[in-house]
Amino acid sequence: MTRPDPADLLALAVDLARRAGSLALSMHAGLGRFDTKSTPTDVVTAADRASEALLVEGIRTARPGDGVLGEEGASDEGTTGVRWVIDPIDGTVNYLYGLPQWAVSIGVEVDGTTAVGVVYDPSKDELFTAVRGGGAALDGRPLRCNEVSELSQTLVATGFGYDAQRRAAQAALLPTVLPAVRDIRRVGAGALDLCAVAAGRVDAYYEQGLSPWDMSAGLLIATEAGARVGGLRGRGPSGDMVVAASPGVFDALHDLLVSLDADAAPF
Ligand code: IPD
Ligand code: CA
Ligand code: CA
């Protein structure tokens, strides 16, 4: 199988992310109807489903045979070695309430490694992109994460899952983390949190419990912007823990999270 050109994958991902984002934006009608998934606070709207349908249809049309993994149910290994990992709306609770912090996230894996990442924020019309080894950009301008060296000066984003027990464990970290850093932000969209690290809008981000579609694109964008990403104790980033930080404060944040056993299963 010939390896696909990352530039072609990027162009398709950008086109699809913009189209899905515009569709979701046009469907927004205030606090409307929604269904719930894993817990009563884990919501899915018609726009999540319509956005995923547009993305899957676009991928199937342009690149039949590619695999797809989507939050709202798309799951197909494919036959080409290329797999699209998509979150049709990251930040659904914000979307539901009319808060602007939500995005379409598309990571494209080639032979199991993320080669391209695109996160499109329709409310601000901001497009974050990255190609492995080719840097990260915001609306075409190169991105560089902040240079910070003191944990006490570090603005840290984090997030909380939908499961009550996991939330209790996540909240239990805060009395130790909050006094150790500049401040905490909880924006409500993991993909945008990772892009915020890349763009220097925060200095670091950590979260337990992310799914592949939350982090696929954002991890590449943060990495290509110079951030250090990982899990705890030498592991890679995963659902157990994702840390993305300015390299000068990664170790300090990592060690603090290790001291709190922040990647322990919450039950
Ligand atoms: C959620 C958001 C949120 C994070 C959760 C995710 P969704 O994704 O990224 O910021 O804290 O862990 O599940 O449900 O809005 O796509
Ligand atoms: Ca998500
Ligand atoms: Ca989602």
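All values reported here derive from a predicted model rather than from experimental measurement. (Residues numbered from 1 in each chain as written. Chains lettered and ligands numbered in written order. Predicted model: local features only at pLDDT ≥ 70, side-chain atom pairs only at ≥ 80, totals over all residues. Heavy atoms only, no water.)

Caption draft 1: Fine view of the domain arrangement of the chain. The assigned domain composition of the chain is domain 1 (6-142) and domain 2 (151-259). Inter-centroid distance (C-alpha atoms) of domain 1 to domain 2 is 21 Å. Contacts between domain 1 and domain 2 engage 39 residues on the former and 22 residues on the latter. Taken together, the two surfaces of domain 1 and domain 2 that pack against each other cover about 2200 Å², and 64% of this comes from carbon and sulfur. Three residues stand out in domain 1 for area buried against domain 2, namely Asp90, Val119 and Phe128, and they jointly supply 21% of the buried area on that side. Applying the counting criterion to the domain 1 and domain 2 interface returns 1 salt bridge. Between Arg201 and Glu126 there is a salt bridge whose closest N-O contact spans 2.8 Å. Of all the elements in the fold, those that place two or more residues in the side of domain 1 that touches domain 2 are β3 (67-70), β5 (82-90), α3 (92-97), β6 (103-110), β7 (113-121), β8 (126-131) and β9 (136-138). The element that contributes the greatest number of residues to the side of domain 1 that touches domain 2 is β7, accounting for 7 residues. The class makeup of the residues in the side of domain 1 that touches domain 2 is 16 nonpolar, 15 polar and 8 charged. (Domains from an automatic or database assignment. Contact = heavy atoms within 4.5 Å. Buried area = accessible area lost by both parts, 1.4 Å probe. Salt bridge = Lys/Arg side-chain N within 4 Å of Asp/Glu carboxyl O. Helix = DSSP H or I, 4+ residues; strand = E, 2+ residues; numbered from the N terminus. Nonpolar A, V, L, I, M, F, W, Y, C, P; charged D, E, K, R; others polar.)

Caption draft 2: Spatial organisation of the side chain of Ser246. Looking at the secondary structure, you find Ser246 in the loop between β15 (242-245) and α7 (247-259). In terms of polar contacts, Ser246 uses its side chain to reach the backbone amide nitrogen of Val148, at 3.1 Å. (Polar contact = N/O pair within 3.5 Å; in protein donor to acceptor, adjacent residues only side chain to side chain.)

Caption draft 3: Fine view of the sheet that holds β3. Overall, mixed pairing links the 8 strands, which are arranged β4-β3-β5-β6-β7-β8-β9-β10 in an open sheet. Strand pairing shows two members of the sheet lacking a second neighbour, β4 (75-76) and β10 (141-142), which therefore form its edges. Relative to β7, β6 runs antiparallel, the two sharing 7 bridges. Residue pairing across strands places Ile106 opposite Val118, the latter belonging to β7. Against the sheet, helix α2 (residues 46-62) contacts β3, β4, β5 and β6, and its axis sits at roughly 155 degrees relative to β5. Docked against the sheet, helix α6 (residues 212-224) engages β3, β5, β6, β7, β8 and β9, running at close to 100 degrees with respect to β7. (Pairing = 2+ DSSP bridges. Axes fitted to C-alpha atoms, helices over the stretch in contact; angles between N-to-C directions.)

Caption draft 4: Region of interest: the site of ligand 1. As a structural note, the neighbourhood of ligand 1 is formed by 16 residues, with Asp90, Gly91, Tyr162, Gly190 and Glu207 the closest of them. Residue Glu71 places a side-chain N or O atom 3.2 Å away from an oxygen atom belonging to ligand 1. Note that an oxygen atom of ligand 1 is positioned 2.8 Å from one of the backbone N or O atoms of Gly190. Considering ligand 1 on its own, with 380 Å² of exposed area, one finds that the protein chains cover 94% of that surface. (Near = heavy atom within 4 Å. Areas by Shrake-Rupley, 256 points an atom, 1.4 Å probe, with all protein chains shown as cover.)

Caption draft 5: Local environment of a nonpolar patch on the surface. Side chains of Val93, Tyr97, Leu99 and Tyr162 sit close together on the surface and give an oily, nonpolar patch of about 370 Å² of accessible area. If you trace the backbone, Tyr162 turns up in the loop between β11 (155-158) and α4 (164-180). (Patch = residues over 30% accessible without salt bridge, like charges linked within 9 Å, V, L, I, M, F, W, Y side chains within 5 Å.)

Caption draft 6: Spatial organisation of the pattern of salt bridges. All chains considered together, the criterion is met by 14 salt bridges. Linking Asp261 and Arg233 is a salt bridge whose minimum nitrogen-to-oxygen distance equals 2.9 Å. Taken together, the residues span a long stretch of sequence, with Asp261 in the segment after α7 and Arg233 in the loop between β14 (228-230) and β15 at a distance of 28 residues. Taking relative accessible area as the criterion, Arg233 reaches 39% and is therefore assigned partly exposed. (Buried < 20%, exposed > 50% of the residue type's maximum accessible area, 1.4 Å probe, protein only.)

Caption draft 7: Seen up close, helix α1 (residues 6-27). The end-to-end C-alpha distance of α1, which contains 22 residues, comes to 31 Å, matching closely the 32 Å that a straight helix rising 1.5 Å per residue would cover. All of the buried residues along α1 are Leu9, Leu12, Ala13, Val14, Leu16, Ala17, Ala20, Gly21 and Ala24. Along its buried surface, α1 packs onto α2, β5, α3, β6, β7 and β8. Where α1 begins, one side-chain oxygen reaches toward the backbone nitrogen of Ala7, 2.9 Å away; that side chain belongs to Asp5. (Expected span 1.5 Å × (residues − 1).)

Caption draft 8: Representation of the layout of surface pockets. Reported here for the largest pocket is a volume of approximately 620 Å³. Forming the boundary of the largest pocket are 33 residues, of which Phe160, Gly161, Tyr162, Glu207 and Asp214 lie nearest the centre. Within the residue set of the lining of the largest pocket, elements represented by two or more residues are β5, α3, α4, α5 (190-199) and α6. Residue composition of the lining of the largest pocket, grouped by class: 9 nonpolar, 10 polar and 14 charged. (1 Å grid on protein atoms, 1.4 Å probe; cavity = no way out; pocket = protein on both sides within 12 Å on 5 of 7 lines; lining within 4 Å. Points joined across faces, edges and corners; volume = space filled by probe spheres on them.)

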